[in-house]
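Commentary on secondary and tertiary structure
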Amino acid sequence: MIRDYLKFRKNLISVYVLIDIRLEAQAIDIRFINWLREKGIPFSIVFTKADKISKQKVSSAVEQYKKELLKSWEELPVIFVTSSEKKLGRDEILDSITAFNKEYKTLNR
Ligand SMILES: Nc1nc2c(ncn2[C@@H]2O[C@H](COP(=O)(O)OP(=O)(O)OP(=O)(O)O)[C@@H](O)[C@H]2O)c(=O)[nH]1
Ligand SMILES: [Mg+2]
């Protein structure tokens with residue numbers, strides 16, 4: 001169902017894929033991400049709950065995830081590291097949404 005929505009939603013500009021940073025790359029998530037890529041649906045990855053592990057573990061988790069993603073594709077998506085608790089990554093995501101909104105308005109002028 002979610003896939004049909006993502007495939008057929010005409011005014012979809014980008015998807016934000018939320019992933020709990022504490023978990024190592026899950027096959028189901030990697031499959032979903034690769035599906036988005038195959039369909040040419042733009043997306044970013046948002047790692048959540050970054051405050052729950054140390055900064056060092058955050059970096060290594062992100063590196064690990066990038067490695068996993070590079071196994072099937074040469075390019076990396078935009079990645080946000082966030083914590084709703086600490087408001088980490090909030091401004092970056094809001095900027096990204098603002099940019100997409102501008103793009104959308106330009107496209108539909
Ligand atoms: N410390 C911390 N807690 C969070 C964060 N995001 C969500 N939570 C907490 O996690 C619990 C689940 O919140 P949800 O909004 O459902 O977040 P979710 O990412 O869907 O997480 P899960 O449901 O646990 O998979 C709540 O108690 C939230 O307060 C975060 O960035 N940091
Ligand atoms: Mg939840």
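Fair warning: this is a prediction, and the values are worked out from it, not measured in the lab.

Quick notes on the rules
- Residue positions are counted from 1 within each chain, in the order its sequence is given.
- As they are written, the chains are lettered A onward and the ligands numbered 1 onward, keeping that order.
- Restriction of local features to residues with pLDDT of at least 70 applies here, the model being predicted, together with a cutoff of 80 or more for giving and counting side-chain atom pairs; totals for whole chains, interfaces and linings are based on all residues.
- No hydrogens and no water enter the side-chain calculation; it runs on all heavy atoms of the structure.
- Runs of H or I in DSSP of at least four residues are treated as helices and runs of E of at least two as strands, each being numbered from the N terminus.
- Buried, partly exposed and exposed residues are distinguished by accessible area as a fraction of the type maximum, computed with a 1.4 Å probe on protein chains only: under 20%, between the cut-offs, and over 50%, respectively.
- Whenever a carboxyl oxygen of Asp or Glu lies within 4 Å of a side-chain nitrogen of Lys or Arg, that contact is scored as a salt bridge.
- Think of it this way: one heavy atom of a residue within 4 Å of a molecule or strand is enough to make that residue near it.
- Here a polar contact is recorded for every N or O atom pair within 3.5 Å, except that within protein the pair must consist of a potential hydrogen donor and a potential acceptor, and residues adjacent in sequence are included only if both atoms are side-chain atoms.
- Surface accessibility in these figures is a Shrake-Rupley result with a 1.4 Å probe; residues are shielded only by whichever protein chains are displayed.
- For patches, a residue must show more than 30% relative accessible area and have no salt bridge; joins then use 9 Å for like charges and 5 Å for nonpolar side chains, namely Val, Leu, Ile, Met, Phe, Trp and Tyr.
- His is not counted here, nor are the chain ends, while Lys and Arg score as positive and Asp and Glu score as negative.
- Here the site of a charge means atom NZ of a Lys, CZ of an Arg, CG of an Asp or CD of a Glu.

Phi at K49 is positive, roughly 60°, even though this residue is not glycine. Mapped onto the secondary structure, K49 falls in the loop between β2 (43-48) and α3 (55-70). Not every positive phi belongs to a glycine, and K87 is a case in point at roughly 60°. By secondary structure assignment, the location of K87 is in the loop between β3 (78-81) and α4 (90-107). Residue classification places K87 among the exposed residues on the basis of a relative accessible area of 58%.

Quick look at the pattern of salt bridges now. Counted according to the given criterion, the structure contains 3 salt bridges. Residue R22 is joined to D20 by a salt bridge in which the shortest nitrogen-to-oxygen separation is 2.8 Å. You can call D20 buried: its relative accessible area is 18%. Note that K71 and E68 form a salt bridge whose closest N and O atoms lie 3.2 Å from each other. You can call K71 exposed: its relative accessible area is 64%.

Turning our eyes to something else, we now look at the site of ligand 1. Taken together, K49, D51, K52, S83, S84 and E85 form the complete shell of residues around ligand 1. For ligand 1, an oxygen atom lies 2.8 Å from a polar atom in the side chain of K49. In this structure, a nitrogen atom belonging to ligand 1 sits 2.7 Å away from a side-chain N or O atom of D51. Out of a free accessible area of 610 Å², ligand 1 has 39% covered by protein chains.

Right, let's talk about a positive patch on the surface for a bit. Together, R3, K7, R31 and K39 give the surface a local cluster of positive charge. Of all elements in the fold, only α1 (2-8) and α2 (27-39) reach the threshold of two or more residues within the positive patch. Residue placement: R3 occurs in helix α1.

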